[in-house]
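Listed below, chain by chain, are the residues.
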Amino acid sequence: MSPETGREIALSLRAVSYTYPGSEAPALNGIDLEVRRGEIVFVTGPTGAGKTTLCLAASGILHHEYGGALEGAVAILGKKVRDYRNMGEIGRDIGVVFDDADAQLIFSTVEEEVASGLENLGIPRAEMQQRLRDVMEAIGITDFADRAPHTLSGGQKQRVAIAATLVLGTEILVLDEPTAELDAEATGAVSTLLRRLAEKGTAVLIVEQKLNELATIADRMVLIEGGTIAKVGSPAEMMQDSVLRHPAPGNIRPPAPAAASPCGVPPIVSVRDLVHRYDGVTAIGGLDLEVAPGEIVAVVGENGSGKTTLVKHFNGLLRPTRGSVIVDGLDAGSVPVAELARHVGLVFQNPDTMLFAETVEEEVAFGLKNIDPRSTGEPIDAALSEVGLLHRKAAYPRSLSRGERQRLAIACVIAMRPRLIVLDEPTTGLDAREAARVMETLGHLRQDGHTIVMVTHDMLLGEEYADRIVRMEQGRIVGDRRTYEEGLCPKLCSISPGRAPFTASTRSPN
Amino acid sequence: MQYITRESAFHRLHPFTKLIFVIVVVLLAVLTSDIVMLAVLVGAVVAAAVAGGLARDLLRQVPLLASLAVSLLALTVLTIHNGEILGYLVPQSVPVIGGAFPVTVGAIDLAAAMSLRFAAMLFAFQLFVISTQPRDLVHLLDRLRMPIDYTLMLLIALRFIPSLQLEGKRIHEAQLARAYNPGRGISGKVRGLFPIIIPLVSNSLGKATVLGLTIDLRGYRSGLRTPMRDLAPGRVDVAGICCMGVVAAGYLAVLLV
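Computed from a predicted structure; not experimentally measured.

1. Focus: the overall build of chain A
When helices and strands are counted, chain A shows 18 helices and 20 strands. For chain A, the proportion of its 510 residues judged to be buried stands at 54%.

Listed below in structure tokens is the structure:
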């Protein structure tokens, strides 16, 4: 029992250090941490600080499944992890949600997925059904219980993965960025449920970047940096730390542009009566939208509201079932994707879907050479300089940190000098510092004449950095407003509607 | 090939009945090389799919079967030379090499028999997979005392097919957005595969680790399986088994006569 609180220690790590196989630097270094029954411990820190490794250590995965050098002791409910026979036995005491929701979904319907673990607990069927109903309702996934998990949006998948773990009713939960892709409402539902579970005695160790939404439910907050615990305190104390706070609004926001209409500049994107259906589901149901050159537009909405489906029409990856999409004067419903790629750059949510080259330089050159085989290295250097990766030119792309990979993905797109840059969830999985850096880059790009459309479930991000917020619900636009006072902006009106003037090379290198 | 949520006659059958169906089709397919009998067998499986409202899903395998049939035909024409000669790949009028690679009835018969056999087995297995929820499959194999490692291997394999397809599509889209052009000629096609294959393999390896851990943590080795719903055979299973029995008996009777 802990003398401090009288509550029994559920999970403890004593002097835990770990070095991955083939690596010289330790990912964890002398970690001492305990989580008591009924306590929520919130762990945060910069990208690459060792948060995921901490989750793997706490759940016994490093001990049972990974090689490498592991020192120190981990105990679950007082039992040392090495005394557990295998992960199946550990799974009776600890529920783990990994940061890759996709990889945790095994079965063919959502209900089957959530029920799968329950069927292995040896509990009565009536209790199983009750638990299944309760968790699915609490997480808000009942509406798509019969759908195949792989057809869901990223956020919906994440909710299913959380439900499939919570339904097991383990005494300890280890959650690695479980709400990274969730909208505010779903994040709120998860935090309420976690608080309720903690009140019933569940010990929760949660790693997250969403301080504002989740840290408030925590009893303790832990800041981890460079594999060591840098600071521990109450959420109120810790939120005063400038390292942890979200960048203040307006810090890096470029001047607001004028609307298209006052200046008479034709829109760069014009969507008319767009309908998109697939597999019998209407993803977009009759939508009109115009985007003016030079705008930063945030397309926000709950998971599954059709945001990504909409922007995939801009570069021809999806074609309209009905209606028209005109981008930079081209009919995106019929022009080949390769041609549209000269005008529209799309940065995917997960940079790992595109990285394949041996070096950062080759990675950026790939798209550039596809549209202009005679291109030189100058645009590559300029793009890398813009995103602060010029010094990593020779590095292997997949060895970069998550934030660096995200910036590299942006560099790959901006090197092709498209007038319109579309980003799908550009800050998911990034810490506040990295997220701010990405947004700063977008600000520069807008100043250089690019138009930015970013898809995000993070309203705060839209409020802080976008000129305009377009809100979607069930495949329709239900709100469209500006985040600044309307007014004329001579600078933006003077931008030529021709090729985007990419000027990063004139800036000082990193 | 994955489970499809639908209310079909096949979906209502007990998984064990469907497994018997697959086994019966496989046995009947290997018992003969007669093209007519194998065509009848394929027809019976397709008729069962039509009756169950799943015929359109079977059609998705036709391109694969067609390419397999062409490959088998090429292989048998090059290697089997028994039976009546129908013609030559290289016309006899061509100097020196004229008359090479005769196309014989034996080669065509063998290619057709193997293709039909494969079609019958593939269609039957597909009907089983698309109408059986994976958890029901796990319970069935568990009750048949299949070692859990083999069951989980099958589960992961079935899970990975759609997952790989989806990941491949995602990567393809990401590269298309960078004006990706697969290139011309064989070397171009091979070079053009790298931007897809490398991320696909790297990402899949990472996902496989998490998938394995998830299966373990959900207690699939606990041996305490309690199905969420009853899977007792019903009248539809009796009817299904009777139909299979009649078709199989008729098939065997014709073979033996």
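2. Quick look at the domain arrangement of chain B
All names here are of chain B. Domain assignment breaks chain B into domain 1 (1–132 + 229–257) and domain 2 (134–226). Listed as interface residues are nine residues of domain 1 and, on the opposing side, eight residues of domain 2. When residues of the side of domain 1 that touches domain 2 are assigned to their parent elements, the largest contribution, three residues, is made by helix H2 (residues 15–31).

3. Examining the sheet that holds strand E17 (residues 420–424) of chain A
Residue and element names in this part refer to chain A. Judged by pairing direction, the sheet is mixed, and its six strands sit side by side in the order E16-E17-E18-E13-E19-E20 without closing on themselves. The outermost strands of the open sheet, each flanked by one partner alone, are strand E16 (344–347) and strand E20 (476–482). Strand-to-strand twist across the sheet, computed as the mean angle between neighbouring axes with direction ignored, equals 15 degrees. Pairing of E16 with E17 involves four bridges; the strand directions are parallel.

4. Section: the nonpolar core
Counting 118 residues, the largest nonpolar core has Ala57 and Ala163 of chain A together with Val45 and Ala120 of chain B as its most contacted members. Leaving out residues up to four positions away in the same chain, alanine 57 of chain A has contacts with Leu13, Val16, Tyr18, Leu28, Leu62 and Val74 of chain A.

5. Concerning the interface of chain A and chain B
Each partner contributes residues to the interface: chain A has 48 residues there, and chain B has 46 residues. Looking at the side of chain A that touches chain B, the elements with two or more residues in it are helix H2 (61–65), helix H3 (87–90), helix H4 (110–118), helix H5 (125–139), helix H12 (337–340) and helix H13 (360–371) of chain A. When grouped by side-chain class, the residues that make up the side of chain A that touches chain B number 23 nonpolar, 15 polar and 10 charged.

6. Observations regarding the packing of helix H7 (residues 134–143) of chain B against helix H8 (residues 148–176) of chain B
All names here are of chain B. Between H7 and H8, the shortest axis-to-axis distance is 10 Å and the interhelical angle comes to 160 degrees. In terms of axis orientation, H7 runs roughly antiparallel to H8. For the element pair H7 and H8, the recorded crossing hand is right-handed. Here Pro134, Val138, Leu141 and Asp142 of H7 come into contact with H8, specifically with Thr151, Leu155 and Leu158.

7. A word on the confidence of the model for chain A
Residues and elements named next belong to chain A. Mean pLDDT over chain A: 83, with 89% of residues reaching 70 or higher. Across residues 247–262, where pLDDT falls below 50, the model places 36 contacts with residues more than four positions away in sequence or in other chains. Across residues 487–510 the pLDDT falls below 50, and counting only partners more than four positions away or on other chains, this stretch makes 48 contacts in the model.

8. Side note on the domain arrangement of chain A
How large an interface is tends to be reported as the accessible area lost when its parts come together. All names here are of chain A. Assigned domains within chain A: domain 1 (9–238) and domain 2 (260–352 + 417–506). Using only C-alpha atoms to locate each centre, domain 1 and domain 2 end up separated by 34 Å. On the domain 2 side, the residues contacting the 17 residues of domain 1 number 14 residues. When contributions to the side of domain 1 that touches domain 2 are tallied by element, the ones reaching two or more residues are helix H6 (154–166) and helix H7 (184–199). Across the side of domain 1 that touches domain 2, the residue classes tally to six nonpolar, seven polar and four charged.

9. Some points on helix H5 (residues 62–79) of chain B
The periodicity of an α-helix, 3.6 residues per turn, causes residues three or four positions apart to be oriented the same way. Taking 1.5 Å of rise per residue, the 18 residues of H5 of chain B would be expected to cover 26 Å, and the 25 Å separating its terminal C-alpha atoms lies within 8% of that figure. Little of H5 of chain B sits out of view: just one of its 18 residues are buried.

10. Focus on the confidence of the model for chain B
All names here are of chain B. Taken residue by residue, chain B gives an average pLDDT of 84. The fraction at 70 or more is 100%. Ranking the helices and strands of chain B by mean pLDDT puts H2 first, with 90, and strand E1 (residues 85–88) last, with 79. Interface confidence in the predicted complex, given as ipTM, is 0.74; pTM for the same model is 0.73.

11. Considering the sheet that holds strand E5 (residues 79–80) of chain A
All names here are of chain A. Read across the open sheet, the four strands follow the order E2-E1-E4-E5; overall the sheet is antiparallel. If you trace the sheet from one side to the other, it starts and ends with strand E2 (28–36) and E5, each paired once. Those strands touched by helix H1 (residues 51–58) are strand E1 (9–19), E2 and strand E4 (69–76), and its axis lies near 120 degrees from that of E1.

12. Brief notes about the pairing of strand E3 (residues 40–44) of chain A
Every other side chain in a regular strand lies on the same face of the sheet, so the side chains alternate between the two faces. Residue and element names in this part refer to chain A. Most of E3 sits out of view: five of its five residues are buried. Every second residue of E3 is oriented toward a common face, with Ile40, Phe42 and Thr44 on one face and Val41 and Val43 on the other, all of them buried. As defined by bridge partners, E3 adjoins strand E8 (residues 203–207) across four bridges and the pair is classed as parallel. Note on E8: the bridge partner recorded for valine 43 is valine 207.

13. Remarks on H13 of chain A
Along H13 of chain A, the residues that are buried comprise Val360, Glu363, Val364, Ala365, Phe366, Gly367, Leu368 and Asn370 of chain A. Residues of H13 of chain A that are buried sit in contact with helix H14 (378–386) and helix H15 (402–414) of chain A together with helix H9 (185–217) of chain B.

14. Some thoughts on the environment of aspartate 57 of chain B
Residues and elements named next belong to chain B. Relative to the helices and strands, aspartate 57 is located in helix H4 (residues 55–59). Classification of aspartate 57 as partly exposed rests on a count of 19 C-beta atoms within 10 Å. A C-alpha to C-alpha distance of 31 Å links aspartate 57 and alanine 107, two positions 50 residues apart in sequence. Aspartate 57 has contacts with Ile4 and Ile130, leaving out every residue within four places of it along the chain.

15. Let's talk about the environment of serine 401 of chain A
All names here are of chain A. Examined against the element boundaries, serine 401 turns out to sit in the loop between H14 and H15. Linking serine 401 and threonine 47, residues 354 residues apart in sequence, is a C-alpha distance of 7.1 Å. The contacts of serine 401, once residues within four sequence positions are left out, are Thr47 and Gly48.

16. With respect to unusual backbone geometry
The phi angle at leucine 77 of chain A is positive, at roughly 50 degrees, despite the residue not being glycine. Mapped onto the elements of the fold, leucine 77 of chain A is located in the loop between E4 and E5. Note on leucine 77 of chain A: 16 C-beta atoms within 10 Å, which makes it partly exposed. The backbone phi angle of arginine 145 of chain B is positive, close to 65 degrees, even though this residue is not glycine. Here arginine 145 of chain B is to be found in the loop between H7 and H8. Here arginine 145 of chain B falls in the exposed class, since 6 other C-beta atoms lie within 10 Å of it.

17. A few points about the environment of threonine 209 of chain B
Along the chain, the position of threonine 209 of chain B falls in helix H9. Between the alpha carbons of threonine 209 of chain B and valine 50 of chain B there is a distance of 39 Å; along the sequence they are 159 residues apart.

18. Focus: the pairing of strand E18 (residues 451–456) of chain A
All names here are of chain A. Of all the six residues making up E18, six are buried; the element is thus mostly covered by neighbouring parts of the structure. Alternating positions in E18 separate into two faces, Thr451, Val453 and Val455 on one and Ile452, Met454 and Thr456 on the other, with burial throughout. One ladder, built from five bridges, connects strand E13 (residues 296–301) with E18; its direction is parallel. Paired with valine 299 across the bridge in E18 is valine 455. Note: E17 against E18, five bridges, orientation parallel. Within E18, the residue paired with leucine 423 across the bridge is methionine 454.

The rules we used
Residues numbered from 1 in each chain as written. Chains lettered and ligands numbered in written order. Predicted model: local features only at pLDDT ≥ 70, side-chain atom pairs only at ≥ 80, totals over all residues. Helix = DSSP H or I, 4+ residues; strand = E, 2+ residues; numbered from the N terminus. Buried ≥ 20, exposed ≤ 12 C-beta atoms within 10 Å, placed from the backbone. Domains from an automatic or database assignment. Contact = placed C-beta atoms within 7 Å. Pairing = 2+ DSSP bridges. Axes fitted to C-alpha atoms, helices over the stretch in contact; angles between N-to-C directions. Core = buried A, V, L, I, M, F, W, Y, C linked by C-beta atoms within 7 Å. Nonpolar A, V, L, I, M, F, W, Y, C, P; charged D, E, K, R; others polar. Parallel < 35°, antiparallel > 145°, perpendicular 65-115°, else oblique. Left-handed = near helix turned anticlockwise from the far one by under 90°. pLDDT = per-residue confidence, 0-100. Expected span 1.5 Å × (residues − 1).

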